[in-house]
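This is what each chain is made of:
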Amino acid sequence: MISKGMNIVPPSGKLGIVLPGMGAVSSTFIAGVEAVKKGFAKPIGSLTQMGTIRLGKRTENRVPPIKEFVPLASLDDLVFGGWDIFSDNIYQAGLKAGVLERSLLDQVRPALEKIRPWTAAFDKSYVRRLDGSHVKKAKNKMELAEQIQDDIRIFQKRNKLTRTVMVWCASTEIFLKSKPVHQTISKFEQGLIKNDPAIAPSMIYAYAAIKSGIAYANGAPNLSVDIPALTRLAKDRNIPIAGKDFKTGQTMMKTILAPGLKARLLGLNGWFSTNILGNRDGEVLDDPEAFKTKEESKLSVLEHILQPERHPDLYSKYTHKVRINYYPPRGDNKEGWDNIDIFGWLGYPMQIKVDFLCRDSILAAPIVLDLVLFLDLAQRCGMSGIQEWLSFYFKSPMCAPELYPEHDLFIQLMKLKNTLRYLRGEDLITHLGLEYYD
Ligand SMILES: NC(=O)c1ccc[n+]([C@@H]2O[C@H](COP(=O)([O-])OP(=O)(O)OC[C@H]3O[C@@H](n4cnc5c(N)ncnc54)[C@H](O)[C@@H]3O)[C@@H](O)[C@H]2O)c1
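Because the structure is a prediction, the values reported are computed rather than measured.

Visitor: In this structure, what is going on with the environment of Gly191? I would like to understand it.
Guide: Within the element layout of this structure, Gly191 appears in helix H8 (residues 185-193). With 22 C-beta atoms packed within 10 Å, Gly191 lands in the buried category. Between the C-alpha atoms of Gly191 and Leu55, which are 136 residues apart in sequence, the distance is 49 Å. The contacts of Gly191, once residues within four sequence positions are left out, are Val181, Asp196, Ala198 and Ile199.

Visitor: Explain the site of the ligand here, please?
Guide: Taken together, 35 residues surround the ligand, and among them Gly21, Gly23, Val25, Ala220 and Arg280 come closest. Contributing elements (two or more residues each) for the shell around the ligand: helix H1 (24-38), strand E2 (78-84), helix H12 (280-285) and helix H15 (360-380). Among the elements that line the shell around the ligand, the one with the most residues is H15, at four residues. For the shell around the ligand, the class distribution of residues is 21 nonpolar, nine polar and five charged. Counting contributing residues per domain, the shell around the ligand is built from domain 1 (14-246 + 361-423) and domain 2 (250-357), each supplying no fewer than three.

Visitor: Just to check I follow, could you spell out the domain arrangement of the chain for this structure?
Guide: The parts lose accessible area when they come together, and the size of an interface is often stated as this lost area. Segmentation of the chain into domains returns domain 1 (14-246 + 361-423) and domain 2 (250-357). With centres defined by C-alpha atoms, the gap from domain 1 to domain 2 works out at 26 Å. Listed per partner, the contact involves 27 residues of domain 1 and 26 residues of domain 2. Among the residues making up the side of domain 1 that touches domain 2, the classes are represented as 12 nonpolar, eight polar and seven charged.

Visitor: Which parts of the structure should I look at to understand the nonpolar core?
Guide: Inside soluble globular proteins, nonpolar side chains tend to come together where they are buried. Membership of the largest hydrophobic core comes to 110 residues, with the highest contact counts inside it found for Val167, Ile204, Tyr216, Leu230, Val368 and Leu371. Considering every element that reaches this core, the biggest residue donor is H15, with 13 residues. Split by domain, the residues of this core number at least three in each of domain 1 (14-246 + 361-423) and domain 2 (250-357). Excluding residues within four positions of it along the chain, Val368 makes contact with Val25, Phe29, Val167, Cys169 and Gly219. Residues Leu261, Val301, Ile340 and Ile342 belong to the second largest nonpolar core, which totals 11 residues.

Visitor: Sorry if this is basic, but what is going on with the sheet that holds strand E4 (residues 161-168) here?
Guide: Across the sheet, seven strands lie side by side as E3-E2-E1-E4-E5-E6-E11; this open sheet has parallel pairing. The sheet terminates laterally at strand E3 (118-119) and strand E11 (385-386), the two strands that pair on one side only. Sheet analysis places strand E1 (residues 14-20) next to E4, joined by five bridges and oriented parallel. Bridge assignment links Val18 to a residue of E4, and that residue is Met166.

Calculation criteria
- Residues numbered from 1 in each chain as written.
- Predicted model: local features only at pLDDT ≥ 70, side-chain atom pairs only at ≥ 80, totals over all residues.
- Helix = DSSP H or I, 4+ residues; strand = E, 2+ residues; numbered from the N terminus.
- Buried ≥ 20, exposed ≤ 12 C-beta atoms within 10 Å, placed from the backbone.
- Contact = placed C-beta atoms within 7 Å.
- Near = placed C-beta within 6 Å.
- Nonpolar A, V, L, I, M, F, W, Y, C, P; charged D, E, K, R; others polar.
- Domains from an automatic or database assignment.
- Core = buried A, V, L, I, M, F, W, Y, C linked by C-beta atoms within 7 Å.
- Pairing = 2+ DSSP bridges.

Given below as C-alpha cells:
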C-alpha cells in the first residue's frame, strides 16, 4: 500500500507517563530513563532509542535512526507518575526490587524520590498474594474510575503536560473469562456502578485512561483493555490501545526459535519450559489463579507460529508445558530452561536445550519506553483502537476479532517498521529484490 504519509502533530511540550504498579519493571524503567538522560548508561534494547530503519532500495544507503525518522517525544520531556498499593517512592521501590545496584540508583536519587505513587484502585480478590494499605476507598467501581481520572487531571495540570500515556505495570490478576458485562460500553458502565465482580482493577484503570483521552498499554496478561466494551470505547474516543503481556525472557526466545524451526520445516514433539524467579511478580504468580492467566498467554504462542492445522505431519502432536516456580533466592534474575524435542529428515529425533539466565525487568524496561513513545506517536497520527503494529512487544498480542495474532518476532518487526514507513510516506519493504538483477 502506498501512502502519502500521515499528518503528524509534532511532539511539543511534556509527555506524561502514568503507571499503575510501581514495582520492579516501573522502577527499572524510570531509573533507566533518568540514567540515560544523565549520560551514564545506554538505552540498550530500545528500538526507539537505538534502532535504525532502512528506506528505499539497498543501493540507496538510507538508514536513519528511528527517532530521527519519526517525530518521537524526547526523553527530556517525559514526566512520570503512577499508583501502587505501597507508598514507597521510586527510589525505595527500586532498592526493594533489587534489579539495579544501589550505586546506580543513588546517581539519580533526587529524581526518583520525587515520584511517589498515588493510592491504588486495588482489590485483593484479584491479586491474592498481595496486601497493601495505600488504596483508594469508594462506594463503587465507577467512583474508583473517577478518582483515577482526577489523579490524571491533577498530574497533567501540575506538570503542564500536553499528552499522557498509561502503561499497566501492576501485578498479574487472576484469570477472568470474557462475560456479558464486558461486551458493550453501557453494560460495562452499569457493571462499574453495580460493582460487578467480573470487572477487575486493570479494567477500571483502562476505562479511566480512555475516558481521560490517553493511550493505554497492558504489560500483564490479564484481560484489562482486551474486552469489546473497552476496545469499542477506545475506537469511539480516538484512543490507541495495545496489549497484552510484555514479551521478555522465555517467550521472547520462543518467538525467535519457533519461527526458525518452522522455516526449516523441522517437526516438534514437545517443548517443556520451566522457570525459577524470586521477585514479587514470581510471588504473585505462585497463586494458581494468577498463574493461569500467565499460562494462557505463554501457551498460545507456539500454536499460532507453527500452525498445526496446515502442517499436521510436523506439529499436530506436540506437548507444550510451561511452569513458573517461585524461588526467592534468585530475585529478579530469572533462570528459564527449555527442552525442545524436535525431529528432522525421515523423522529422526533431536533435542535443543536453552538455559537463559535473564533479568526480567532489564528486558521489560525498554519495552515500556518504546510503547510509551510509539503510542504517543500513534495518537498524534490520529490512529485509534488496537495498535496491532505494536505486537512486537507482547506475548499475547491484541488484534481484530476476525484475525489470529501474529507471534513471529521477525514478522512483528517488519510490521512495525513498515507501519513507520507508511506513516512517513516511504515505500514499504517487501524484500523481493528482483529489480537488482534486471
Ligand atoms: N518483568 C518482566 O519481564 C515482565 C514480563 C511480562 C509481564 N510482566 C508483568 O508486568 C507486571 C509488573 O511486573 P513487576 O516485575 O514489576 O512486578 P512487581 O510485583 O515488582 O510490581 C507490580 C506492582 O504492582 C502493584 N499493584 C498490584 N495491583 C495493583 C493495583 N491494582 N494498582 C496499583 N498497583 C498495583 C504491586 O504492589 C507491585 O508493586 C506484572 O504483571 C508482570 O507479570 C513483567
